[in-house]
Amino acid sequence: MSQQAVNGVSHRGRVLTLDSMNPNVKRVEYAVRGPIVQRAVQIEKELKEGAKKPFTEVIKANIGDAHAMGQKPITFFRQVLALCSYPALLEDSKFPEDAKQRARRVLEACGGHSIGAYSASQGIECIRQDVARYIEKRDGGIPSNPDNIYLSTGASDAIVTILKLLVCGEGRDRTGVMISIPQYPLYSAALADLGAVQINYYLDEDNCWSLNITELRRALSAAREHCNPRVLCIINPGNPTGQVQSRQCIEDVIRFAKEEHLFLMADEVYQDNVYAEGCQFHSFKKVLFEMGPEYSNTVEMASFHSTSKCYMGECGFRGGYMEVINLDPEVKAQLIKLVSVRLCPPVPGQALLDLVVNPPQPDEPSYATFMKERTAVLSALAEKARLTEQIFNTVPGITCNPVQGAMYTFPRITLPQKAIDKAKELGLVPDMFYCMRLLDEEGICLVPGSGFGQREGTYHFRMTILPPTEKLKVVLQKIREFQLRFTQEFS
Amino acid sequence: MAARGLDLILHRAQVKLCDKLQGVRRPYKEVIDVFQGDLHRAGMKPLTFVRQVLAACVYPPLINSSNLPLDVRQRAQEELGRCVGGSVGSYSATPGIPEIIHSISEFIKRRDGGIPSHPENIYISPGSQWSISNILNVLVNREASPRTGVLIPVPCHNKTVLSITQLGAVAVPYYLSEEQGWALQVEELQRAHESAKGVCNPVALYVINPGNPAGYVQSQKSVLEVIRFAWEKRLFLLVDEVKKLLSSMQAYFKNQMHLYKGTYGCLHVALQLYQDCVYGENCEFVSYKRAVSEMGPPFSGTVELASFHSVSKGFSGECGLRAGYVELVNLDPAVMKYIHTLFSKDACSPVLGQIALNLMTDPPKPGDPSYLLYKQEIEQIRTVLVHSVKKVHEVVNSLPGFSCPPIEGGLFAFPRLHLTPKAIQKAKELGLQPDTFYCTRLLEEGGVFTGPGWEYGQKEGTYHIRFCIAVPQDVMEELLRRLSSFHMTFMKDFS
């Protein structure tokens, strides 16, 4: 409209408009980097320009980015990566032998001995072999075939790739994908983008966000009325909820998937982030194989891992992989084609993944430092998980399930009716209203629960437990104060 | 148009070959791999400055190492200062690290003679194909009937075509004119657009300049014609300018020339620095954005354009780092919001790649400790490319049954094979495309890994091969020696 006014041309609309664009893209939302973050960036800009606010910095507790919150990288990993980046450093005596040995091995596998060369689309072969060995070791010797390993640009890339393969059909035959509520919004975004049908199954907040098979059954049979359910996604340890599934639960899910002929997608990126007493990470693959050939020969599955979380926190490297189980060979050929379009995953990320699956061993020079650093990160996270749960549960209007694993807390907030009404007035979802106010008043950026999904009439927010302990204590304190003020204001 | 897939045939042949090479007598020790536009794989070295900075960013204790030049250490410190939490391991903002985006916009502005580039229109992604996929995703309406169409050149590198078909759109081919040095003729665009009637609804026109696989550089006249055509037919312009970094170096050296003249008054040195980096004598790369802007209204305000670039090509050749960017021009602001969300679900681009991109757009300057080495390395690469281009043209055109127009730009040679009926028949018997047959034989007997023209599209009844020319001098000589020898034998066997 104004375009024509500016150019004085006769009515000439754009080629790409809201009407002509892919309607699926309009349905894509990704709360973790959504409107509240844009507001946070705006506030940071204002602070930089000298604006006076009740706080001097914005604390971005919205995103699972450990380094952003001050967590230090693992020295050994960075040494090897530096050697890979600038191989002349292999002559530098300040680098330990075990780091040099790993760097040489990676470089040898790269075209022209450079991490700047493209790799095979599926990922560098010797790294896939190392990943397979890691999986075997982790899963008590159950074999892993390197041909079933696909390196990727973070786990997200692999997740979307598998969904692309799975989503098809029209109308009532359109693929339905079961995802947990609450879920990590990459899933809902990818499903919207692909035009798949999202099938919600609710985690049980009253029972530490556990997964019930009855609920899975309910969701599935309801979905069968209007789509063709083919996939079941599960995040373990959970995001945003932090629950670590019991072995029994995992078995039940596998049994359910077999009975109902569903493809299992097991998002296990937080597999090292397990804190609570009595909780343990059980890989879906391990449980599957321990259930015997009736299951291990038939259930089709993909499990995902990443270099962004756990104790490494190397989000910026975009490293990850998926292992596919029982995939039809012809489908695998299509999968290779699919991953080839973007050529290959970032080679530094592949190199980093190689180190994650092949860390210093007890007899190696870097072992002691490595273990010290790894333990420090994981125990700090465990402590912060405990602290968060403890403090939030002392705040009236906030209830918090134990943070058994992962990096987040997803507390439930009780909002006064007046606040809910005010939110509606402003055209905001109530928990977005709450989070926006918190951001404006305290400079703390969280993600409203509505971004992850929640039961109707309940409100939550997701906060990371990543800030350093002292800062986290301050954040928890400020949220408590805000909660009390907010409740008071709208009482 | 023939359905195209991956060249699994050749890949399998290569794998088999590598296994076989252990112990089987062959007239060569190593395969020369020029299948992809991968400088490092072909033997070219990375730029020292870039790698030193990246190493220091990855392992910050190196910032205090006296083994690294001062400007490297300072630069690493600057780059880390822009990373959240001072680490390359943290996520960046969705479009990329803001200062790097800003730097890229300044770079584009310099390249385009001062025409402003707006940072909010730039997105960094893990390689150019990633952003091409994202933009195509926004353009292609899967529910539309008739289906969305995208005009693509023939020949064309196959990744984009795969993206188009995977999204459920129709790729509508327009043929570049091989006889006219792969010129893009508007009449052919017209014909292609007409051919889409009743088949699909063309909404976009994909152009590759400089070309891939064919090494042409569009003339300014051609660029203007294409823009006008896109405007008339209401087509969204998708311009793949990935290979243009070479000519950006031209602009870089132009700038340096002025500095040199000012600082040292050494004109001959300055002239040495500024030479035509795009190889053709009368070639100069013209960016579509610049052309659109200089055309003035109504084009400048209305032609919707996405231009794609990458750190994989040009002098750095850092394919493995995965960094590219797209600049969006004249897009509807409401649509831009959705594009932002689409990019955001992929988190962000690898940070090392972003930094490499920044180092390329803002390299060492005269007077900096690393400048001389940097300049020397760039010159070496440029010399190699100019030499390769000449040699390939010379050798290929001297062989019977082989021809090649001058390579004006880009990183590949795409010579034409004039295969005999006998050879074509043999290929048919083996169930292979004739040029795939040639390439497979060339790989097995000659030890040179090239790509068959069939993969990229070509006029029916014509055959080509594609190979990367950014290869060290001695390797190129060996390549051409093996190619000539193999070709003569092959032509004789099938005469």
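Please read all numbers here as calculations on a predicted model, not as lab measurements.

J.: Sorry, what's going on with the overall build of chain B here?
T.: Tallying secondary structure elements over chain B gives 18 helices and 14 strands in all. Counting every position in chain B, which comprises 495 residues, the buried fraction comes to 65%. Contacts in chain B between residues at least 24 apart in sequence constitute 73% of all its contacts with a sequence separation of at least 6. For chain B, the exposed surface amounts to about 17900 Å²; the carbon and sulfur share of it is 53%.

J.: Help me understand the sheet that holds strand β3 (residues 175–181) of chain A in this model?
T.: The strands that make up a sheet pair up through hydrogen bonds in the backbone, lying either parallel or antiparallel. Residues and elements named next belong to chain A. Pairing in this open sheet of 7 strands is mixed, and the strands run β2-β8-β7-β6-β5-β3-β4 from one edge to the other. A single partner strand is all that each edge strand has here, and the edge strands are β2 (149–153) and β4 (197–202). On average, each strand axis in the sheet is inclined to that of its neighbour by 25°, with strand direction left out of account. Relative to strand β5 (residues 228–235), β3 runs parallel, the two being bridged by 4 bridges. Within β5, the position partnered with M178 by the bridge is L232.

J.: Where do I start with the domain arrangement of chain A in this structure?
T.: Interfaces are often sized by the amount of accessible area the parts lose when they come together. Residue and element names in this part refer to chain A. If you check the domain split of chain A, you get domain 1 (23–70 + 371–490) and domain 2 (102–357). Computed from C-alpha coordinates alone, the two centres of domain 1 and domain 2 are separated by 27 Å. The interface of domain 1 with domain 2 comprises 37 residues on the first partner and 37 residues on the second. Run the count over domain 1 and domain 2 and you get 1 salt bridge. For R412, the salt bridge is made with E205, and the minimal N-O distance between the two is 3.9 Å. Contributions of two or more residues to the side of domain 1 that touches domain 2 are made by α2 (23–26), α15 (367–392), β10 (408–409) and β14 (459–464). Element by element, the count of residues in the side of domain 1 that touches domain 2 is highest for α15, at 6 residues. Here the side of domain 1 that touches domain 2 is composed, by residue class, of 19 nonpolar, 11 polar and 7 charged.

J.: What should I look at first to understand the pairing of strand β2 (residues 122–125) of chain B in this one?
T.: Remember that side chains alternate between the two faces of the sheet whenever the strand is regular. Residue and element names in this part refer to chain B. Neither face of β2 is left uncovered, since the one carrying I122 and I124 and the one carrying Y123 and S125 both have all their residues buried. When β2 meets strand β8 (residues 324–329), the two strands line up antiparallel, connected through 4 bridges. Across the sheet, I122 pairs through a bridge with E327, a residue of β8.

J.: Would you take a moment to explain the environment of C344 of chain A for this structure?
T.: Its place among the elements puts C344 of chain A in the loop between α13 (329–340) and α14 (347–356). The buried category is assigned to C344 of chain A, whose relative accessible area is 6%. Through-space distance from the C-alpha of C344 of chain A to that of V244 of chain A is 32 Å; in sequence the pair is 100 residues apart. Setting aside residues no more than four positions away along its own chain, C344 of chain A makes contact with Y118, S119, A120 and S121 of chain A together with R322 of chain B.

J.: Quick question: what am I supposed to make of helix α17 (residues 430–442) of chain A here?
T.: Each full turn of the α-helix corresponds to 3.6 residues, which orients residues three or four apart in the same direction. Residues and elements named next belong to chain A. Between the first and last C-alpha of α17 there are 18 Å, a value that for 13 residues agrees with the 18 Å anticipated at 1.5 Å per step. Counting buried residues in α17 gives 11 out of 13 residues, a clear majority hidden from the surface. Of all the residues in α17, the buried ones are P430, D431, M432, F433, Y434, C435, M436, R437, L438, L439 and E442. One or two steps after α17, the chain reaches G443, where phi turns positive at roughly 70°.

J.: I tried to follow the UniProt feature "domain: Aminotransferase class I/classII large" (unreviewed entry) in chain B on my own but got confused; where do I start?
T.: On the UniProt side, "domain: Aminotransferase class I/classII large" (unreviewed entry) is annotated at positions that read residues 68–242 and 273–483 of chain B here. Taken end to end, residues 68–242 of chain B is 40% helix and 17% strand, and its two terminal C-alpha atoms sit 31 Å from one another.

J.: Looking at this structure, how should I read the packing of aromatic side chains?
T.: Aromatic ring pairs: the centre-centre distance and the angle between the two ring planes describe each pair. Taken as a whole and assessed by the stated rule, the structure comprises 30 aromatic pairs over all chains. Between F437 of chain B and F494 of chain B, the ring centres sit 5.7 Å apart and the planes meet at 80°, which makes this aromatic pair edge-to-face. In this pair, F437 of chain B is assigned in helix α17 (residues 434–446) and F494 of chain B in the segment after α18 (473–493), connecting sequence segments 57 residues apart. We classify F437 of chain B as buried; its relative accessible area is 3%. Overall, F494 of chain B belongs to the buried group, its relative accessible area being 9%. Among the aromatic residues, those joined into a ring-pair cluster are F392, F433, Y434, F461, F482, F486 and F490 of chain A. The cationic tip of R33 of chain A hangs over the ring face of Y91 of chain B; the distance from NZ or CZ to the ring centre is 5.4 Å. Taking the ring centre of F289 of chain A as reference, the NZ or CZ of K285 of chain A above it sits at 5.6 Å.

J.: Would you explain the environment of Q166 of chain B in this entry?
T.: With respect to the helices and strands, the residue Q166 of chain B is situated in helix α6 (residues 158–166). For Q166 of chain B and C83 of chain B, which are 83 residues apart along the polypeptide, the C-alpha to C-alpha distance reads 35 Å. For Q166 of chain B, the residues in contact, after removing those within four places along its chain, are K337, L338 and V341 of chain A together with R142 of chain B.

J.: Whenever I open this one, the interface of chain B and chain A confuses me. Can you help?
T.: Listed as interface residues are 81 residues of chain B and, on the opposing side, 75 residues of chain A. Remark: the boundary between chain B and chain A carries 0 salt bridges. Our count for the chain B to chain A interface comes out at 33 residue pairs in polar contact (both at pLDDT 80 or more). Element by element, the count of residues in the side of chain B that touches chain A is highest for helix α13 (residues 333–344) of chain B, at 8 residues. For the side of chain B that touches chain A, the residue count by class is 37 nonpolar, 30 polar and 14 charged.

J.: Honestly, the pairing of β8 of chain B in this entry has me stumped. Any pointers?
T.: Residue and element names in this part refer to chain B. Burial runs high along β8: 6 of the 6 residues are buried. Neither face of β8 is exposed, since G324, V326 and L328 on one face and Y325, E327 and V329 on the opposite face are all buried. Note: strand β7 (residues 305–310) against β8, 6 bridges, orientation antiparallel. The residue bridging S310 from the neighbouring strand is G324, located in β8.

J.: Please explain the UniProt feature "domain: Aminotransferase class I/classII large" (unreviewed entry) in chain A as it appears in this structure.
T.: What UniProt calls "domain: Aminotransferase class I/classII large" (unreviewed entry) maps, in this numbering, to residues 80–479 of chain A. Along residues 80–479 of chain A one finds 43% helix and 15% strand; the C-alpha atoms at either end are 41 Å apart.

J.: What's the story with the side chain of R437 of chain A in this structure? I'm lost.
T.: Residue and element names in this part refer to chain A. For R437, the position within the fold is in helix α17. Reaching out from R437, the side chain makes a polar contact with the side chain of E489 at a distance of 2.5 Å. Not counting residues up to four positions away in its chain, the partners in contact with R437 are F482, F486, E489 and F490.

J.: What should I look at first to understand the sheet that holds β2 of chain B in this one?
T.: Residues and elements named next belong to chain B. Pairing within the open sheet is mixed, and its 7 strands lie in the order β2-β8-β7-β6-β5-β3-β4. Each having just a single partner strand, β2 and β4 (170–175) make up the two edges of the open sheet. Each neighbouring strand pair of the sheet contributes to a mean axis angle of 25°, computed without reference to strand direction. Contacts from helix α5 (residues 128–139) reach β2, β3 (148–154), β5 (201–208), β6 (236–240), β7 and β8, with the element oriented near 160° to β7. Here α13 sits on the sheet in contact with β2 and β8, set at roughly 20° to β2.

J.: Looking at this structure, I do not really get the state of the cysteines. What am I missing?
T.: Two cysteines form a disulfide when their sulfur atoms are joined by a covalent bond. All names here are of chain A. Under the definition given, this model contains 0 disulfides over all chains. Counting only cysteine sulfurs, C110 is the nearest neighbor of C84, a cysteine outside any disulfide, at a range of 7.0 Å. You can see C233 has no disulfide; the closest cysteine sulfur is in C227, sitting 13 Å from it. Looking at C233, the relative accessible area reads 4%, which means it is buried.

J.: Looking at this structure, how should I read helix α3 (residues 70–81) of chain B?
T.: All names here are of chain B. In this model, α3 (12 residues) spans 16 Å end to end at C-alpha, consistent with the 16 Å of a helix rising 1.5 Å per residue. Residues of α3 that are buried: D71, V72, R73, R75, A76, E79 and L80. Against the buried residues of α3 lie α2 (48–58), α4 (98–111), α14 (351–361) and α15 (371–398).

Basis of the calculations
- Residues numbered from 1 in each chain as written.
- Chains lettered and ligands numbered in written order.
- Predicted model: local features only at pLDDT ≥ 70, side-chain atom pairs only at ≥ 80, totals over all residues.
- Heavy atoms only, no water.
- Helix = DSSP H or I, 4+ residues; strand = E, 2+ residues; numbered from the N terminus.
- Buried < 20%, exposed > 50% of the residue type's maximum accessible area, 1.4 Å probe, protein only.
- Contact = heavy atoms within 4.5 Å.
- Areas by Shrake-Rupley, 256 points an atom, 1.4 Å probe, with all protein chains shown as cover.
- Pairing = 2+ DSSP bridges.
- Axes fitted to C-alpha atoms, helices over the stretch in contact; angles between N-to-C directions.
- Domains from an automatic or database assignment.
- Salt bridge = Lys/Arg side-chain N within 4 Å of Asp/Glu carboxyl O.
- Nonpolar A, V, L, I, M, F, W, Y, C, P; charged D, E, K, R; others polar.
- Expected span 1.5 Å × (residues − 1).
- UniProt positions renumbered as here; feature names shortened; annotations may be inferred.
- Phe/Tyr/Trp six-rings, centres within 6.5 Å; stacked < 30°, edge-to-face > 60°.
- Lys NZ or Arg CZ within 6 Å of the ring centre and 35° of its normal.
- Polar contact = N/O pair within 3.5 Å; in protein donor to acceptor, adjacent residues only side chain to side chain.
- Disulfide = S-S within 2.5 Å.

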